[in-house]
Amino acid sequence: MTPSIQTELFGTLPVDRFTDDPVVMLPGRSTADLPPDIVAGLSELAVDFDDLADDRWLQTEYSFRKRRFSLFSVDTVERRIEQLEHRAFYQEETVNPYAGGFERKFEPLAERTTGNPFLHQLMWDVLAVLPQARVSAARHWEIGVHLIRIVALPDKPGYPAPEGMHHDGHAFTSISLINRVDVAGGRSLFADLDRVVYRKLELETPIDTVVFEDPRCLHDVTPVTVAGEATFASRDVCGFSLNPLAR
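Here is what the cut-offs are and how they apply
Residues numbered from 1 in each chain as written. Predicted model: local features only at pLDDT ≥ 70, side-chain atom pairs only at ≥ 80, totals over all residues. Heavy atoms only, no water. Salt bridge = Lys/Arg side-chain N within 4 Å of Asp/Glu carboxyl O. Helix = DSSP H or I, 4+ residues; strand = E, 2+ residues; numbered from the N terminus. Buried < 20%, exposed > 50% of the residue type's maximum accessible area, 1.4 Å probe, protein only. Phe/Tyr/Trp six-rings, centres within 6.5 Å; stacked < 30°, edge-to-face > 60°. Pairing = 2+ DSSP bridges.

A. Broad picture of the pattern of salt bridges. Evaluated as defined, the whole model comprises 17 salt bridges. Taking the shortest distance from any N to any O, the salt bridge between Asp50 and Arg149 comes out at 3.1 Å. Here Arg149 lies in strand 7 (residues 140-152) and Asp50 lies in the loop between helix 1 (36-48) and strand 4 (53-54), a separation of 99 residues in the sequence. According to the relative accessible area criterion, Asp50 is exposed, its value standing at 57%. Under the relative-accessibility criterion, Arg149 is labelled buried at 14%. The partner of Asp51 in a salt bridge is Arg68, with the nearest N and O atoms 3.4 Å apart. Of this pair, Asp51 sits in the loop between helix 1 and strand 4 while Arg68 sits in strand 5 (residues 65-75), and the two are 17 residues apart along the sequence. Each member of the salt-bridge network shares a partner with another, and the members are Asp75, Glu78, Arg80, Glu82 and Arg139.

Structure, rendered in structure tokens:
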């Protein structure tokens, strides 16, 4: 029998993840199979995307991205999640030539969001997906939570990754779809270190999640455009940046 783990949001998963491929796709379970508090938390989180601030670090004449960002510390032994003091988000310019090299100050998550039961379960389940040896080697993990809405109009596409094919500069990254409305595009692309694209993934249903070991691959997302005759499109994702903490 193949060794496996059980997760709340993604069901039963094989243990041997990330062995051959640094990218793991996790289709979300139907909300009919989830506990009521988790389903309610997902609904509440979806509403929170209506209260995101414009990303003022974009280099375009129009704003296509809204976001909030907060940091959490996760104790994997005592199963405890604590919000850390708010600070700016920073990436090296070598990692993100579009917006790296300086501190980007984003509004923190709203107080109602920080204790959301779905958000906390997503943290635990994404950690459970990581290689067990990596997780057990560090009791504490820092998780940066990024709520991001990409919007598009018929003549103004939205760019989930305006920097193009890139690394994030973290040990692991996850991207979970919360909602998408009248979206065309928004496909996740993954390339090897020679920049050859070898996987194209669609996040189509709420809770669909992709987790990847950032140093071992590059990633990009195709532009979000308006589908059909719609006049507006939006794509809401919850992203995690995951790094072990030395204590």
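B. View of the packing of aromatic side chains. Summed over the entire model, instances satisfying the criterion amount to four aromatic pairs. Both rings, one in Trp141 and one in Phe172, keep their centres 6.5 Å apart while their planes meet at 50°; by these two values the pair is tilted. On the criterion of sequence distance, the pair formed by Trp141 in strand 7 and Phe172 in strand 8 (residues 172-181) is long-range, its members being 31 residues apart. Accessibility expressed as a relative area gives 0% for Trp141, which makes it buried. Considering the side-chain rings of Phe190 and Phe212, the 5.1 Å spacing of their centres and the 65° angle between planes classify their relative orientation as edge-to-face. Of the two residues, Phe190 is situated in strand 10 (residues 188-191) and Phe212 in strand 12 (residues 209-212); the sequence distance between them amounts to 22 residues. No difference in accessibility class separates Phe190 from Phe212, as the two residues are buried. Here a set of aromatic residues connected by ring pairs shows up, and it is made of Phe18, Trp141 and Phe172.

C. Representation of the pairing of strand 8 within the structure. With seven of its 10 residues buried, strand 8 lies for the most part within the structure. Relative to strand 15 (residues 233-245), strand 8 runs antiparallel, the two being bridged by nine bridges. In the sheet register, Ile175 faces strand 15, and the bridge partner there is Gly239. Summarising the sheet, strand 8 and strand 12 pair through four bridges and their orientation is antiparallel. When the bridges of strand 12 are listed, Ser174 appears paired with Val211.

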